[in-house]
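# Coordinate analysis (summary)
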Amino acid sequence: MPPGRRLVRLLALVPLLCAPATGCGAPAADTTGPAVREAVAEWAAAPPARPAGVPFEGWSYEVTSVRRDGARAFARATLRYRLAGYDSAAADAPREVELVRGGADGWRVAADRPAPGAPPQLWDQGAVTVVRGAHALVLGVGRDRGTLAGIAAEADRAVPAVGAAWPRPWAGRVVVLAPATLDAMAALLGRPADAYRGLGAVTTGRVGAGPAPADRVVINPEGYASLSEAGRDVVLTHETTHVATRAATTATTPLWLSEGFADWAAYRAGGRTPAEAAPELARAVRRGDLPGALPADGDFAFGGDPEALARSYEGAWLACRLIAAKWGDAALVRLYEEAGRAPLPTALDETLGVDRAELTRAWREALREELG
């Protein structure tokens, strides 16, 4: 058969090869993604792993991607939830939901865990015990109820103290997480344990995240247990101040002001003298090592010289204490608010009528008088 005819005959057979109902065009649509999303949504309405007793509301998973591996599928999702009566904004967490093919039943959720590289939630670490105070919700894992009740009582004292120092609208309540160990605390925060060794607690939350971010105070069980009752009150008041001021705190707020204000709120009702509350800085001043400038943001980084870090916190507190004493408590609050909206030189000029150099000179003189 001539080549030309052979080609014509072969082309004529092509429609016959495409005869089956599935056709020779695009393959059948993959329904895995929509089916997995539907299965996750149905499961999220009442997941068996949700901790009992925790006042969740608005619990939902937003699936962002789906990967199928044979009879299994893996959905990357963002978990969003609020704690009823405590959160005005949603907390969120990256999760990975694993599903298995269930025959005629379609996809079924088999596991829910932190997304690769994401920190766990407290309930990922074990059974959660819930203790409520007048102003606090304490969630603990591996901690006895008596210990958690003590933390709730201390948080209940902290909230009114913060309200007196920060007379601006805020939730007036706080959520405290109490993990079992320092390593567990560090895992919740996604950082090495050494970053928190020796600390009593830290606060989570994104600055400028909205009018009422879902902040959490996270207890370091080792550091917190080593504190006196007065020390625990100071720590929780300091951290709760960060919760109260979060909406006014932005990337422009200098750390000496945010950390100093939190310590000012924690110490203002106590009777401790500057030398008692700032021992490291007092020792430095007495040996002639008077700081030349207000602490820089980098001076508050953990993991370095603990004595230098202590001097930074103490110096920041004494700067805020000076501002409150010289210009008034209300001026300090206004400075905090303005520093979150404008550069510090502008904020200082508009609230105190001084520049940074004048404030620094007054601060250094106060250090000489009170610590020398």
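What this report covers is the structure whose coordinates are included nearby.

About the thresholds
Residues numbered from 1 in each chain as written. Predicted model: local features only at pLDDT ≥ 70, side-chain atom pairs only at ≥ 80, totals over all residues. Heavy atoms only, no water. Helix = DSSP H or I, 4+ residues; strand = E, 2+ residues; numbered from the N terminus. Buried < 20%, exposed > 50% of the residue type's maximum accessible area, 1.4 Å probe, protein only. Contact = heavy atoms within 4.5 Å. Areas by Shrake-Rupley, 256 points an atom, 1.4 Å probe, with all protein chains shown as cover. Pairing = 2+ DSSP bridges. Axes fitted to C-alpha atoms, helices over the stretch in contact; angles between N-to-C directions. Salt bridge = Lys/Arg side-chain N within 4 Å of Asp/Glu carboxyl O. Expected span 1.5 Å × (residues − 1). Arc of directions from axis to C-beta. Polar contact = N/O pair within 3.5 Å; in protein donor to acceptor, adjacent residues only side chain to side chain. Phe/Tyr/Trp six-rings, centres within 6.5 Å; stacked < 30°, edge-to-face > 60°. Lys NZ or Arg CZ within 6 Å of the ring centre and 35° of its normal.

This part covers the overall build of the protein chain. Check the secondary structure of the protein chain and you find 13 helices and 9 strands. Taken over 372 residues, the protein chain has a buried fraction of 46%. A separation of at least 24 residues holds for 62% of the contacts in the protein chain among residues at least 6 apart in sequence. For the protein chain, the exposed surface amounts to about 18,000 Å²; the carbon and sulfur share of it is 53%.

This part is about the side chain of Asp 263. Looking at where Asp 263 falls in the secondary structure, it is placed in helix H7 (residues 255-267). Residue contacts for Asp 263: discarding those within four places in its chain leaves His 238, Tyr 313 and Trp 317.

Of all 8 residues in helix H4 (residues 182-189), 6 are buried; the element is thus mostly enclosed. Among the residues of H4, Leu 182, Ala 184, Met 185, Ala 186, Leu 188 and Leu 189 are the ones counted as buried. Count one or two residues on from H4 and you reach Gly 190, which has phi positive near 70 degrees.

Attention now moves to the sheet that holds strand S1 (residues 56-69). If you walk across this open sheet you meet the 4 strands as S1-S2-S3-S4, and the pairing is antiparallel. Of all strands in the sheet, those with a lone pairing partner are S1 and strand S4 (107-114), marking the two edges. On average, each strand axis in the sheet is tilted by 30 degrees relative to the strand beside it, whichever way the strands run. Both strand S3 (residues 91-101) and S4 contribute to a ladder of 7 bridges, which runs antiparallel. Paired with Arg 101 across the two strands is Trp 107, which belongs to S4. Of the strands in this sheet, S1, strand S2 (72-83), S3 and S4 touch helix H2 (residues 32-44), which is tilted by about 155 degrees from S1.

Quick look at the environment of Val 141 now. Looking at the secondary structure, you find Val 141 in strand S6 (residues 136-141). Residue classification places Val 141 among the buried positions, given a relative accessible area of 5%. Along the sequence, Val 141 and Val 128 sit 13 residues apart, while their C-alpha atoms lie 5.0 Å from each other.

Right, let's talk about the pairing of S1 for a bit. Relative to S2, S1 runs antiparallel, the two sharing 11 bridges. Bridge pairing links Val 63 to Ala 77 in S2.

Here we come to the sheet that holds strand S8 (residues 201-204). Within a sheet, each strand pairs with its neighbour through backbone hydrogen bonds, oriented either parallel or antiparallel. Spatial strand order, S5-S6-S7-S9-S8: 5 strands in an open sheet with mixed pairing. Two strands lie at the open edges of the sheet, namely strand S5 (128-132) and S8, each paired on one side alone. Taking each pair of neighbouring strands and ignoring which way they run, the sheet shows an average axis angle of 25 degrees. Sheet topology places S8 next to strand S9 (residues 216-219); 4 bridges connect them, and they run antiparallel. Residue pairing for S9: Thr 204 is matched across the bridge by Arg 216. Of the strands in this sheet, strand S7 (174-178), S8 and S9 are in contact with helix H6 (residues 229-245), which crosses S8 at around 10 degrees.

Attention now goes to the pattern of salt bridges. All chains considered together, the criterion is met by 19 salt bridges. Here Arg 113 and Glu 96 are joined by a salt bridge, their closest N and O atoms 3.0 Å apart. Note that Arg 113 is positioned in strand S4 and Glu 96 in strand S3, a separation of 17 residues in sequence. For Arg 113, a relative accessible area of 27% corresponds to the partly exposed category. Assessed through its relative accessible area of 10%, Glu 96 is described here as buried.

Moving on, we come to the pairing of S2. Counting the residues that bridge the hairpin from S1 to S2 gives 2 residues, and of these Gly 70 lies at a positive phi of roughly 65 degrees. One ladder, built from 10 bridges, connects S2 with S3; its direction is antiparallel. Paired with Arg 72 across the two strands is Val 100, which belongs to S3.

Turning our attention to H2. It helps to recall that an α-helix has 3.6 residues per turn; residues three or four apart then point in one direction. When the terminal C-alpha atoms of H2 are compared, their 18 Å separation across 13 residues agrees well with the 18 Å that a helix rising 1.5 Å per residue should span. Three or more residues of H2 are buried, namely Thr 32, Gly 33, Val 36, Ala 39, Val 40, Trp 43 and Ala 44. Considered in projection along H2, the buried side chains sweep an arc of 130 degrees and stay on one side of the axis. The exposed residues of H2 that point more than 90 degrees off its buried face are Pro 34, Glu 38 and Glu 42.

A few words on the environment of Arg 145. Take Arg 145: it is sitting in helix H3 (residues 145-165). Distance from Arg 145 to Val 130, taken between C-alpha atoms, is 8.1 Å for residues 15 residues apart in sequence. When residues no more than four places from it in sequence are discounted, the contact partners of Arg 145 are Thr 129, Val 130 and Val 131.

Let's shift gears to the side chain of Thr 245. Mapping Thr 245 onto the fold places it in helix H6. On the basis of relative accessible area, Thr 245 is assigned to the buried category, the value being 1%. A distance of 2.9 Å separates the side chain of Thr 245 from the backbone oxygen of Thr 241, its partner in a polar contact.

Here the structure, examined in full by the defined rule, presents 14 aromatic pairs. With a centroid separation of 5.2 Å and 90 degrees between ring planes, the pair formed by Phe 56 and Tyr 81 is classed as edge-to-face. Here Tyr 81 lies in strand S2 and Phe 56 lies in strand S1, a separation of 25 residues in the sequence. Since its relative accessible area comes to 12%, Phe 56 is described here as buried. Note on Phe 300 and Tyr 313: the rings are 5.2 Å apart at their centroids and 85 degrees apart in plane angle, and the pair reads as edge-to-face. Taken as a pair, Phe 300 in the loop between helix H9 (279-286) and helix H10 (306-327) and Tyr 313 in helix H10 lie far apart in primary sequence, 13 residues in all. With a relative accessible area of 17%, Tyr 313 lands in the buried category. An aromatic cluster is built from Trp 43, Phe 56, Trp 59, Tyr 61, Tyr 81 and Trp 123, whose rings are joined through pairwise contacts. The side chain of Lys 326 reaches across the aromatic face of Trp 327, ending 5.5 Å from its centre.

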